Amino acid sequence: MPRTPQRLTDRKREAIVRAAVEEFRSAGYEATSMDRIAAVAGVSKRTVYNHFPSKEELFALILEELWQSSVASVELPYRADEPLDVQLLQLLRQKLDLLGDANFIDLARVAMAEIIHSPERAQAIVCRMGEKESGVSAWIRAAIADGRLRQVDPEFAGHQLQGLVKSFAFWPQVTMGQAPLAQAERTRVAESAVAMFLGFYAV
């Protein structure tokens with residue numbers, strides 16, 4: 001069956017968001033105007049304001065979408081009947097697939113630049129992001145409850161595990177503009193991170 005054509009208003013909204021990401025990334029938050037976003041998106045300024053009442057709300061949406069993409073990428077229920085390393089490798093491969101996506105990295109650069117430049121502006125949404133437990137932390141919590149991992153703060157251990165990945169597949173790309181990891185490099189990073197993590201925490 002052919003896909004239902006996307007509504008014009010939805011296409012315009014997506015164009016506005018794409019234009020905002022481009023402008024925030026190239027010019028920074030302060031220098032970006034709704035006029036410029038409208039011009040890049042190819043819509044009227046009124047159309048921009050119909051979708052987003054302010055630049056602040058538009059920027060908040062970008063951060064929110066970044067977070068939702070990140071959370072959705074690492075959802076894997078814990079399985080008591082499967083080896084820990086198999087499950088963790090699947091989790092980290094999902095994470096690495098997201099970190100290899102150019103759109104995600106673009107959004108991350110936009111968010112990171114503004115959080116560093118004006119942390120108070122991003123504070124509320126960053127706090128809201130932290131209220132939802134990540135898929136990695138939830139998996140670790142379940143494995144601890146099952147007696148297969150040592151007693152540890154799941155959030156702390158989750159940050160450690162993801163740090164082993166992000167030091168290769170996120171921070172160099174966001175801060176230094178490096179290319180996403182090739183598939184062989186992703187595999188190496190994931191396997192070594194799992195080995196180090198389980199070498200310390202597995203019971």
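Residues numbered from 1 in each chain as written. Predicted model: local features only at pLDDT ≥ 70, side-chain atom pairs only at ≥ 80, totals over all residues. Heavy atoms only, no water.

1. Comments concerning the nonpolar core
Okay, step 1: Counting 57 residues, the largest nonpolar core has Trp139, Leu149 and Phe197 as the members making the most contacts within it.
Okay, step 2: Looking at this core, the elements with two or more residues in it are helix 1 (8–27), helix 2 (34–41), helix 4 (55–72), helix 5 (84–99), helix 6 (102–117), helix 8 (135–145), helix 9 (154–169) and helix 11 (183–201).
Okay, step 3: Of all the elements, helix 5 adds the most residues to this core, at eight residues.
Okay, step 4: Residues within four places of Leu149 in sequence aside, it is in contact with Leu84, Trp139, Ile140, Ala143, Ile144, Phe197, Leu198, Tyr201, Ala202 and Val203. (Core = buried A, V, L, I, M, F, W, Y, C linked by side-chain atoms within 4.5 Å. Buried < 20%, exposed > 50% of the residue type's maximum accessible area, 1.4 Å probe, protein only. Helix = DSSP H or I, 4+ residues; strand = E, 2+ residues; numbered from the N terminus. Contact = heavy atoms within 4.5 Å.)

2. Brief notes about the pattern of salt bridges
Okay, step 1: Per the counting criterion, the structure on display carries seven salt bridges.
Okay, step 2: A salt bridge links Lys45 to Asp35; the nearest nitrogen and oxygen atoms lie 3.2 Å apart. In this pair, Lys45 is assigned in helix 3 (residues 45–51) and Asp35 in helix 2, connecting sequence segments ten residues apart.
Okay, step 3: On the basis of relative accessible area, Lys45 is assigned to the partly exposed category, the value being 38%. (Salt bridge = Lys/Arg side-chain N within 4 Å of Asp/Glu carboxyl O.)

3. Structural notes on the environment of Gly42
Okay, step 1: In this structure, Gly42 sits in the loop between helix 2 and helix 3.
Okay, step 2: Of the residues examined, Gly42 reaches a relative accessible area of 65% and is grouped as exposed.
Okay, step 3: Considering only alpha carbons, one finds Gly42 and Ala15, 27 residues apart in sequence, at a separation of 7.8 Å.

4. Some remarks on the UniProt feature "DNA-binding region" (unreviewed entry) in the chain
Okay, step 1: Under the feature "DNA-binding region" (unreviewed entry), the UniProt entry names residues 33–52.
Okay, step 2: Taken end to end, residues 33–52 has its terminal C-alpha atoms 13 Å apart, with 75% of it in helix and 0% in strand. (UniProt positions renumbered as here; feature names shortened; annotations may be inferred.)

5. Details of the side chain of Ser137
Okay, step 1: When you line up the elements, Ser137 lands in helix 8.
Okay, step 2: Residue Ser137 is classed as buried on the basis of its relative accessible area, which comes to 2%.
Okay, step 3: With residues up to four places along the chain from it excluded, the contact list for Ser137 reads Pro154, Glu155 and Gly158.

6. Digging into the packing of helix 8 against helix 9
Okay, step 1: Close contact between helix 8 and helix 9 brings their axes to 8 Å; oriented N to C, the two are set at 125°. Accordingly, the angle class assigned to the pair helix 8 and helix 9 is oblique. Helix-helix and strand crossings are classified by hand; for helix 8 and helix 9 the assignment is right-handed. In this structure, helix 8 uses Val136, Ser137, Ile140, Arg141 and Ile144 to contact helix 9, whose residues at the interface are Pro154, Glu155, Ala157, Gly158, Leu161 and Gln162. (Axes fitted to C-alpha atoms, helices over the stretch in contact; angles between N-to-C directions. Parallel < 35°, antiparallel > 145°, perpendicular 65-115°, else oblique. Left-handed = near helix turned anticlockwise from the far one by under 90°.)

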